[in-house]
Amino acid sequence: MDRELADIEAIVRLLSAKSVRVHDLFRAALSEKLHHRGELVKLTSTIHVTNECRIRPRCAYCGFASGASPEGYFKGFTRSYEEIAEAAKAIEKSGITRISCSGAYRGDGGKLAVIAARAVKENTDLELLINFGHDLSEDTIEELARLGVETICCNLETTNRELFERLKPGDSFEERVRVCETVCRYGIGLSSGLLVGIGENYRDRAEHLRFLAKFETLAEIPVMGFNPYPGTPMEHVPRCSLMEQAKVMAVARLMYPDLMITAPTPTVGPEEVEVALMAGADNLATVIPDNHPHEVKGVGNPRTGNLDRVVELIEGFGLEPELRGDRACSTSCTRPANRSTQRSS
């Protein structure tokens, strides 16, 4: 439980836990979550700003980019300032407090990321995460800091360099690390996560979790599970088991008890978010309210978490979804008696 001193072999043993030891791991992770982060569960909604990606060759598992998969968006799109603002205002009206604006690699240093940040910050009070991978120049990151962006995400996905280069031959691990380091230098919260189930082993996962400790403003660790998108080179690779994904969340919680551990609803499964909560996650991402004006498909899986259903599942688990406005009042008045203490005991 000391991220500086934890032995890699000890982390590997936790990640490879079986049977009753998984129960122990989850119990410890939930206890740490409640102690350090409380009973609230953050909800993060999404605006997909563009899917027009110029990385070539494409990443082997990507179903998000235009033309990548018939179950993804397939047709290219780029949202305008007005479209982004409209969606952000709708999300804020739903009671959700945080939003992710995500885009593909365009090679322009993140100009569209600045437009998205302005659209959200000038029209709402939402917390904002910007996720444009490594397509962010230092000037762009400086501008995002000036605009008050709380978090910038640049997922490494795996720190196994051979695996990274084989599955992402058009991408750059070094450039992703550069963005992470620059985000830290400007004092912005960094989000950087793992993609579980793409061919890495337990030691790779352990070393990745340790690697993240080098980033001084690390604030969030998304733990994504691989789901095959039809039409991609990895369409026949088996889906990552929910248990393996959840074990990584639990170990991340023990190693980084004060940080946000994020479970994206598409890769967890919109109906299985309770497993992520049991493993100590305190943020559920890609939560879509009914009033969202855009069609939203998940990254890694076209299904997303519906706000009403996600709230129902969180409250059924005995935790409290973070909402504000009228929605917060209505849920707090009807949520069941808290059972989180019983679950952690």
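Provided above is the structure to which this section pertains.
Note that the structure is predicted; figures quoted are calculated from it, not measured. (Residues numbered from 1 in each chain as written. Predicted model: local features only at pLDDT ≥ 70, side-chain atom pairs only at ≥ 80, totals over all residues. Heavy atoms only, no water.)

A. Region of the structure containing the environment of Arg-27. Assignment of secondary structure puts Arg-27 in helix α2 (residues 20-37). Residue classification places Arg-27 among the partly exposed positions, given a relative accessible area of 36%. Taking C-alpha positions, Arg-27 is 7.4 Å from Met-278, a pair spaced 251 residues apart along the chain. (Helix = DSSP H or I, 4+ residues; strand = E, 2+ residues; numbered from the N terminus. Buried < 20%, exposed > 50% of the residue type's maximum accessible area, 1.4 Å probe, protein only.)

B. Geometry of helix α3 (residues 81-93). Taking 1.5 Å as the rise per residue, α3 with 13 residues should run 18 Å; its terminal C-alpha atoms sit 18 Å apart, in good agreement. Listed as buried for α3 are Ile-84, Ala-85, Ala-87, Ala-88, Ala-90 and Ile-91. Elements that come into contact with the buried residues of α3 comprise β1 (40-48), β2 (98-102) and α4 (111-121). Directly after α3, the chain includes Gly-95, whose backbone phi takes a positive value near 105°. (Expected span 1.5 Å × (residues − 1). Contact = heavy atoms within 4.5 Å.)

C. Inspection of empty space enclosed by the protein at higher detail. Under the counting rule described, the total for this entry stands at two cavities of 30 Å³ or more. By volume, the largest cavity is sized at about 930 Å³. What lines the largest cavity is a set of 48 residues, among which Asn-131, Asn-155, Glu-157, Met-224 and Val-299 lie closest to the centre. Where the lining of the largest cavity is concerned, the elements lending two or more residues are β1, β2, β3 (127-131), β7 (218-225), β8 (260-264), α10 (265-268) and β9 (283-285). (1 Å grid on protein atoms, 1.4 Å probe; cavity = no way out; pocket = protein on both sides within 12 Å on 5 of 7 lines; lining within 4 Å. Points joined across faces, edges and corners; volume = space filled by probe spheres on them.)

D. Region of the structure containing the environment of Pro-238. Along the polypeptide, Pro-238 turns up in the loop between β7 and α9 (242-255). Sequence spacing of Pro-238 and Leu-319 is 81 residues, and the spatial spacing of their C-alpha atoms is 32 Å.

E. Broad picture of the pattern of salt bridges. Tallied over the full model, the rule gives 26 salt bridges. For the salt bridge of Glu-200 with Arg-205, the shortest nitrogen-to-oxygen distance reads 2.7 Å. The two residues Glu-200 and Arg-205 agree in class, both being buried. Close ionic contact of Glu-271 with Arg-309 constitutes a salt bridge, the shortest N to O distance being 2.8 Å. With Glu-271 in the loop between α10 and α11 (273-278) and Arg-309 in helix α12 (residues 307-317), this pair connects stretches of sequence that are 38 residues apart. A cluster of three or more residues bridged by salt bridges with shared partners is formed by Glu-157, Lys-168, Asp-171 and Arg-176. (Salt bridge = Lys/Arg side-chain N within 4 Å of Asp/Glu carboxyl O.)

F. Inspection of the pairing of β8 at higher detail. Counting buried residues in β8 gives five out of five residues, a clear majority hidden from the surface. Where burial is concerned, the two faces of β8 agree: the one with Met-260, Thr-262 and Pro-264 and the one with Ile-261 and Ala-263 are both buried. Handedness of the β7-α9-β8 crossover: right-handed. (Right-handed = clockwise from strand over helix to strand, strands pointing away.)

G. View of the packing of helix α1 (residues 8-15) against helix α8 (residues 202-211). Between α1 and α8, whose axes approach to 9 Å, the crossing angle comes to 120°. If you check the angle between α1 and α8, you find them oblique. Crossing hand, α1 versus α8: right-handed. Of α8, the residues touching α1 (which contributes Ile-8, Glu-9, Ile-11, Val-12 and Leu-15) are Tyr-202, Arg-203, Arg-205, Ala-206, Glu-207 and Arg-210. Taken together, the residues of the contact of α1 with α8 sort by class into six nonpolar, no polar and five charged. (Axes fitted to C-alpha atoms, helices over the stretch in contact; angles between N-to-C directions. Parallel < 35°, antiparallel > 145°, perpendicular 65-115°, else oblique. Left-handed = near helix turned anticlockwise from the far one by under 90°. Nonpolar A, V, L, I, M, F, W, Y, C, P; charged D, E, K, R; others polar.)

H. Just unusual backbone geometry, in detail. Going from Arg-56 to Pro-57, the amide bond is cis rather than trans, its omega being -5°. With respect to the helices, strands and loops of the structure, Pro-57 is situated in the loop between β1 and α3. Of note in the backbone geometry, Phe-74 takes a positive phi value of approximately 65° without being a glycine. Looking at the secondary structure, you find Phe-74 in the loop between β1 and α3. Residue class for Phe-74 comes out partly exposed when judged on its relative accessible area of 43%.

I. Quick look at the side chain of Ser-94. When you line up the elements, Ser-94 lands in the loop between α3 and β2. Judged by its relative accessible area of 11%, Ser-94 falls in the buried class. Within the local environment of Ser-94, its side chain forms a polar contact with the backbone nitrogen of Ile-96, the two atoms lying 3.5 Å apart. (Polar contact = N/O pair within 3.5 Å; in protein donor to acceptor, adjacent residues only side chain to side chain.)

J. Structural detail: the environment of Gly-103. Position of Gly-103 among the secondary structure elements: in the loop between β2 and α4. Note on Gly-103: relative accessible area 16%, which makes it buried. Along the chain, Gly-103 and Ala-119 lie 16 residues apart, while their C-alpha atoms are 14 Å from each other. Contacts of Gly-103, omitting those with residues within four sequence positions, involve Thr-50, Asn-131 and Phe-132.

K. Geometry of the packing of aromatic side chains. By the definition in use, this model includes five aromatic pairs. The interplanar angle of 55° and the centroid separation of 6.1 Å between the aromatic rings of Phe-173 and Phe-211 together place this pair among those described as tilted. Of this pair, Phe-173 sits in helix α7 (residues 173-185) while Phe-211 sits in helix α8; the two residues are 38 residues apart in sequence, bridging distant segments of the chain. Centroid distance Phe-211 to Phe-215: 5.9 Å. Interplanar angle 75°. Geometry classified as edge-to-face. A relative accessible area of 2% means that Phe-215 is categorised as buried. (Phe/Tyr/Trp six-rings, centres within 6.5 Å; stacked < 30°, edge-to-face > 60°.)

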